[in-house]
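Chain by chain, the residues run as shown.
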Amino acid sequence: DAGVTQSPTHLIKTRGQHVTLRCSPISGHKSVSWYQQVLGQGPQFIFQYYEKEERGRGNFPDRFSARQFPNYSSELNVNALLLGDSALYLCASSRQASSYEQYFGPGTRLTVT
Amino acid sequence: DQQVKQNSPSLSVQEGRISILNCDYTNSMFDYFLWYKKYPAEGPTFLISISSIKDKNEDGRFTVFLNKSAKHLSLHIVPSQPGDSAVYFCAAIAGSGGSNYKLTFGKGTLLTVNP
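Residues numbered from 1 in each chain as written. Chains lettered and ligands numbered in written order. Predicted model: local features only at pLDDT ≥ 70, side-chain atom pairs only at ≥ 80, totals over all residues. Heavy atoms only, no water.

(A) Quick look at the overall build of chain A. Summing up its helical and strand segments, chain A has 0 helices and 11 strands in all. For chain A, the N- to C-terminal ordering of α and β elements is β-β-β-β-β-β-β-β-β-β-β. Relative to its length of 113 residues, chain A is compact, with a C-alpha radius of gyration of 13 Å against a globular reference of 13 Å. Along the longest, intermediate and shortest principal axes, the C-alpha atoms of chain A span 40 × 25 × 25 Å. (Helix = DSSP H or I, 4+ residues; strand = E, 2+ residues; numbered from the N terminus. Rg over C-alpha atoms; globule rule 2.2 N^0.38 Å.)

Written as structure tokens, this is what we have:
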């Protein structure tokens, strides 16, 4: 079975630009969560989505937004990019919103110059 | 404030010996704990988990111990293998009664297993 997939793998953007990252969950999983990992830190929670509804939001500015589609895939959007947004963006899927075990994709490495 | 703490940034052990990775937490609402392994340029891989109603969970070479009174958990790897060399993250969830099941991670411990 295919695991969580994310695209693109790497991305380079300029300050002020906008970026869209994509995630496809494991087949049968209905919940998707997004995390940001900066160098030397553990992943930080950004959003959780379940059945197209936002179930949780971490401590990130409104420049960060996300959505989930009927096929349970998800997009993370970041507007007005800052240098500090450079990080590895991870998507995790789980069967339900209340599932404890989450499975991660390979991540998208975003570099903002 | 760091709710999940991994105080050892790195650990080096010899192949065949035991690796013990430690994790402390401060939030008494956490009711489920997970360990993930991460190689460079890859996403975290789920290893093993434990519910707060248990004090031990074992899966092959990996055992996780939970001491709720001390708010401490540890991951034991026996025997350690060179392929175990990676960054290990401890994570926790406050699921019961919560509106979302977000993972709160520690900063990770880099384990190096020497042949």
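(B) Region of the structure containing the sheet that holds strand E7 (residues 64–68) of chain A. All names here are of chain A. Pairing is antiparallel in the open sheet, where 4 strands are placed in the order E1-E3-E8-E7. Two strands lie at the open edges of the sheet, namely strand E1 (5–7) and E7, each paired on one side alone. Across the sheet, the mean angle separating the axes of adjacent strands is 15° when strand polarity is ignored. Here E7 pairs with strand E8 (residues 74–78) via 5 bridges, running antiparallel. By the bridge assignment, Arg67 is partnered in E8 with Glu75. (Pairing = 2+ DSSP bridges. Axes fitted to C-alpha atoms, helices over the stretch in contact; angles between N-to-C directions.)

(C) The packing of aromatic side chains, seen in detail. According to the stated counting rule, one finds 15 aromatic pairs over all chains in the structure shown. Pairing Tyr36(B) with Phe105(B) gives two aromatic rings, centres 5.8 Å apart and planes at 45°, and the pair type is tilted. One end of the pair, Tyr36(B), is in strand E4 (residues 32–38); the other, Phe105(B), is in strand E10 (residues 104–105), with 69 residues separating them in the sequence. In this structure, Tyr36(B) and Phe105(B) share a single accessibility class: buried. Among the aromatic residues, ring-to-ring pairing joins Tyr35(A), Phe45(A), Tyr103(A), Phe104(A), Tyr36(B), Phe46(B), Phe89(B) and Phe105(B) into one connected group. (Phe/Tyr/Trp six-rings, centres within 6.5 Å; stacked < 30°, edge-to-face > 60°. Buried < 20%, exposed > 50% of the residue type's maximum accessible area, 1.4 Å probe, protein only.)

(D) The arrangement of the interface of chain B and chain A in detail. At the interface, 23 residues of chain B touch 22 residues of chain A. Summed over both partners, the interface of chain B with chain A comes to about 1,800 Å²; 59% of that surface belongs to carbon and sulfur atoms. Summed over the shared surface of chain B and chain A, the number is 0 salt bridges. Where chain B touches chain A, the interface holds 5 residue pairs in polar contact (both at pLDDT 80 or more). (Contact = heavy atoms within 4.5 Å. Buried area = accessible area lost by both parts, 1.4 Å probe. Salt bridge = Lys/Arg side-chain N within 4 Å of Asp/Glu carboxyl O. Polar contact = N/O pair within 3.5 Å; in protein donor to acceptor, adjacent residues only side chain to side chain.)

(E) Representation of the state of the cysteines within the structure. Under the definition given, this model contains 2 disulfides over all chains. What pairs with Cys23(A) in a disulfide is Cys91(A), and their sulfur atoms sit 1.8 Å apart. Here the S-S torsion is close to -60°, and the disulfide linking Cys23(A) with Cys91(A) is therefore left-handed. Here Cys23(A), found in strand E3 (residues 19–24), pairs with Cys91(A), found in strand E9 (residues 87–94); they are 68 residues apart in sequence, far enough to count as distant. Take Cys23(A) and Cys91(A): they sit in the same class, and that class is buried. Here Cys23(B) pairs with Cys90(B) through a disulfide, and the sulfurs are 2.1 Å apart. In this structure the cystine formed by Cys23(B) and Cys90(B) twists about its S-S bond by roughly -75°; its chirality is therefore left-handed. With Cys23(B) in strand E3 (residues 19–25) and Cys90(B) in strand E9 (residues 86–93), this pair connects stretches of sequence that are 67 residues apart. One exposure class covers both Cys23(B) and Cys90(B), and it is buried. (Disulfide = S-S within 2.5 Å.)

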